[in-house]
Amino acid sequence: MATVHLRIGDLVWGKLGRYPPWPGKVVSPPKDLKKPRGKKCHFVKFFGTEDHAWIKVEQLKPYHAHKEEMIKINKGKRFQQAVDAVEDYLKKAKSKDQNSEGKTESKGKKKPLKILDEDDEDLSALKDPSEKPVKDDPHFHHFLLSQSDKPASSMEPISKRLKIVEEDTGSTSIQPADSTAINGSITPTDKRIGFLGLGLMGSGIVSNLLKMGHVVTVWNRTAEKCDLFIQEGARLGRTPAEVVSMCDITFSCVSDPKAALDLVLGPSGVLQGIRPGKCYVEMSTVDPETITELSQAITSRGGRFLEAPVAGSQQLSNDGMLVIVAAGDRTVYEDCSSCFMAMGKTSFFLGEAGNAARMMLILNMVQGSFMATIAEGLTLAQATGQSQQTFLDILCQGQMASTFVDQKCQNILQGNFKPDYYLKHIQKDLRLAISMGDNANHPTPMAAAANEVYKRAKALDQSDNDISAVYRAYIH
């Protein structure tokens, strides 16, 4: 993609570490604040805050070109206030420009439009006196460069208040107060956490649990994968049964229904460590029948059960931006609130066990079918003599524009199929969704067609590549 050249006064979206993009303006840095060595970056003042930071060029996007995209993927009161502040700023700038032009007509001399500097009140116009200062918002408290000589860890942590949102559907969403996509500084639960399965998704989840201060005991079938997390402060469990017996809440995130059942019912499995009051949270994407069997097994020993599969990818897992869809024991869901805020941007409670499995299979069915269609479009463009890059450029300017489309298509064009979500797993989810449709006597012809394409991709040895490798099924 072409490099975007920015200058003082340009409006941008700035990406701060793991946090969502936020609107800002490129400004001149203070004379005593040196630019980081060896980094191409700009000094950005963020709207609706008192914060500013050096942001790498690759983490900046022009405001107007990406406004629609950012508003779609980011929510929350403070985010909307920041966007409103940008619009107010633009209106004032336009008004000043018009006034300047009017004076030019009357005096024959045009004055240049003033570029507001970082001290102008326009940048903090959104403040509500009844709220806590925006500078205390966890979006940015790690990135204050007004005290750039102090490490982020020395800044005062800000605890999040928990907000339960009841929806018309009866589902519930656990979110950080005033935001749906922030997991900055939170107060970790004092309960001991266990985690079984350190694959693409589990590794990012555990890393974020540890970063947010949770006490975590880990186990993985391949024990070497535990080493990195032990270095980060995790404890080691020798078997699933031992982890469950040591912990108050144990999460599991494995590949498929068989693996999930083996983990609970197999030798030295979870069931051997379950005692009354122990909580077990199944995060694997499996079918409702498997969830029913797991729930009955756990509760038969006095345990408490919750299913909480996640929507996302390895990158979203690493970024702590997953969406958690939960069902089962409501009290377990509430006990997991700090864990869910550490690993995800939001979570939903959907009632009785099995509902989350159903919802997640539907979500993944749509995603898998969509990915297969995008790959089909790219290959048809090539077959008819059209530029694939132009196809992508047009697509990303229309109503179907999304980070998912852009990233997956760019990976395809670059021949980069490093797994962010395994192709074999999305094919498994399509298969389970189709079976679920059969059980409900509901047709799923689009998913069935997509499933056949993924099966062909698997036959071409693409199972352990990313879901975007379904592209190869169309070119072989």
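Structural data are supplied above this passage.
Below is a summary of the structure that appears in this document. (Residues numbered from 1 in each chain as written. Predicted model: local features only at pLDDT ≥ 70, side-chain atom pairs only at ≥ 80, totals over all residues. Heavy atoms only, no water.)

### Brief notes about the overall build of the protein
Piece 1. Along the protein, the regular secondary structure elements total 15 helices and 16 strands.
Piece 2. Taking all 476 residues of the protein together, the buried fraction comes to 50%.
Piece 3. Here the analysis covers contacts within the protein between residues at least 6 apart in sequence; of these, 64% occur between residues at least 24 apart.
Piece 4. Only carbon and sulfur atoms are counted for the fraction: they give 52% of the accessible area of the protein, which is about 23,000 Å². (Helix = DSSP H or I, 4+ residues; strand = E, 2+ residues; numbered from the N terminus. Buried < 20%, exposed > 50% of the residue type's maximum accessible area, 1.4 Å probe, protein only. Contact = heavy atoms within 4.5 Å. Areas by Shrake-Rupley, 256 points an atom, 1.4 Å probe, with all protein chains shown as cover.)

### Examining the nonpolar core
Piece 1. Core analysis: the largest hydrophobic core is formed by 36 residues, its most contacted members being Phe195, Phe251 and Met283.
Piece 2. The contact partners of Phe195, leaving out residues within four places of it in the chain, are Gly202, Ile205, Val206, Leu209, Val216, Thr217, Val218, Trp219, Val243, Phe251, Cys253 and Met283.
Piece 3. Ala372, Leu392, Ile426 and Val453 belong to the second-largest nonpolar core, a separate cluster that totals 31 residues. (Core = buried A, V, L, I, M, F, W, Y, C linked by side-chain atoms within 4.5 Å.)

### Some words on unusual backbone geometry
Piece 1. If you check the backbone angles, Ser268 has positive phi at about 55° while not being a glycine.
Piece 2. In this model, Asn441 sits at a positive phi of 55°, which is unusual for a non-glycine residue.

### Considering the packing of helix α6 (residues 257-265) against helix α7 (residues 288-300)
Piece 1. Axis separation between α6 and α7 bottoms out at 10 Å; the angle between their running directions is 10°. In terms of orientation, α6 and α7 fall into the roughly parallel class. Touching Pro257, Ala260, Leu261, Val264 and Leu265 of α6 are Thr290, Glu293, Leu294, Ala297 and Ile298, all from α7.
Piece 2. Of the residues in the contact of α6 with α7, the class split is 8 nonpolar, 1 polar and 1 charged. (Axes fitted to C-alpha atoms, helices over the stretch in contact; angles between N-to-C directions. Parallel < 35°, antiparallel > 145°, perpendicular 65-115°, else oblique. Nonpolar A, V, L, I, M, F, W, Y, C, P; charged D, E, K, R; others polar.)

### A word on the side chain of Asp466
Piece 1. Here Asp466 shows up in the segment after α15 (445-459).
Piece 2. A residue is classified by how much of its surface remains accessible, and Asp466, at 1% relative accessible area, is buried.
Piece 3. Side chain to side chain, Asp466 and Ser468 meet in a polar contact 2.8 Å long.
Piece 4. When sequence neighbours within four positions are dropped, the list of residues in contact with Asp466 reads Lys408, Phe417, Lys418, Pro419, Asp420, Tyr421 and Leu423. (Polar contact = N/O pair within 3.5 Å; in protein donor to acceptor, adjacent residues only side chain to side chain.)

### Some remarks on the environment of Met201
Piece 1. Of note, Met201 is situated in helix α3 (residues 200-211).
Piece 2. Relative accessible area serves as the criterion here: at 11%, Met201 is assigned to the buried category.
Piece 3. For Met201 and Ser313, which are 112 residues apart along the polypeptide, the C-alpha to C-alpha distance reads 6.9 Å.
Piece 4. When near neighbours in sequence (up to four residues on either side) are disregarded, Met201 contacts Cys253, Val310, Gly312, Ser313, Gln314, Ser317 and Leu322.

None of this, on its own, says anything about what the molecule does.
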